[in-house]
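Structure at a glance
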Amino acid sequence: MSLGSLSAILAGTVAAGLSGLLDYVVKANKELADMGNLARQVGLTLADFQGIQFGGAIKGLSTDQINSGLEKSASLLNDASR
């Protein structure tokens, strides 16, 4: 294998790694933004929301189950306040 082909392979590997890292950062950033939006919707601080998610995860609940439960609770409280 020549030095040129080895350099091309290495450059391709680095580019793929950077692309994967960028995708991960974008996904994590979107999840944080979504978490903040949902926390505001249900009337919690982000720290309280994260605490509830952590507690639910310890009990074996999925993130979707926790989020839908919080949304339902917020909806019921909103209806009761009217």
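Residue positions are given per chain, counting from 1 as you read along its sequence in written order. Whole-chain, interface and lining totals are the exception, using all residues; otherwise, since this is a predicted model, local features are given only for residues with pLDDT of at least 70 and side-chain atom pairs are given and counted only at 80 or more. By convention in this description, side-chain values take in all heavy atoms of the structure and omit both hydrogens and water.

Concerning helix α2 (residues 46–58)
Helix length check: α2 (13 residues) gives 18 Å between terminal C-alpha atoms against 18 Å at 1.5 Å per residue, within 8%. When accessible area is computed with a 1.4 Å probe and restricted to protein chains, residues below 20% of their type maximum are described as buried, those above 50% as exposed, and intermediate ones as partly exposed. A run of H or I in DSSP counts as a helix once it spans at least four residues, and a run of E counts as a strand once it spans at least two, with each numbered from the N terminus. Within the span of α2, buried status applies to Phe 49, Gln 53 and Gly 56. What you see down the axis of α2 is that its buried residues fit within an arc of 65°, all on one side. Facing away from the buried surface of α2 by more than 90 degrees, the exposed residues are Ala 47, Phe 54 and Ile 58. Among the residues trailing α2, Gly 60 stands out with phi positive, at a value near 95°. Any helix carries an expected span of 1.5 Å times its number of residues minus one. Starting at the helix axis, one direction is taken to each C-beta atom, and the arc is that of these directions.

Some remarks on the nonpolar core
With 7 residues, the main nonpolar core is built from Met 35, Leu 38, Ala 39, Val 42, Phe 49, Ile 66 and Leu 70. For this core, the secondary-structure elements that each account for two or more residues are α1 (3–41) and α3 (63–81). With 3 residues, α1 is the largest single contributor of residues to this core. Filtering out sequence-adjacent residues up to four positions away, Ala 39 remains in contact with Leu 44, Thr 45, Leu 46 and Phe 49. As used in this record, nonpolar core signifies buried Ala, Val, Leu, Ile, Met, Phe, Trp, Tyr and Cys residues forming a set joined through side-chain atoms within 4.5 Å. Contact between two residues is taken to exist if any of their heavy atoms lie within 4.5 Å; hydrogens are not considered.

Notes on a nonpolar patch on the surface
Only residues above 30% relative accessible area that lack a salt bridge enter a patch, with like-charged residues linked at up to 9 Å and the nonpolar side chains Val, Leu, Ile, Met, Phe, Trp and Tyr linked at up to 5 Å. Every accessible area reported is derived by Shrake-Rupley at a probe size of 1.4 Å, with residue values counting cover from the shown protein chains alone. The salt bridge criterion pairs a side-chain nitrogen of Lys or Arg with a carboxyl oxygen of Asp or Glu, the two atoms within 4 Å. Together, Val 14, Leu 18, Leu 21, Tyr 24 and Val 25 make up an exposed nonpolar region whose accessible area comes to about 520 Å². One can find Tyr 24 in helix α1. For Tyr 24, a relative accessible area of 59% corresponds to the exposed category.

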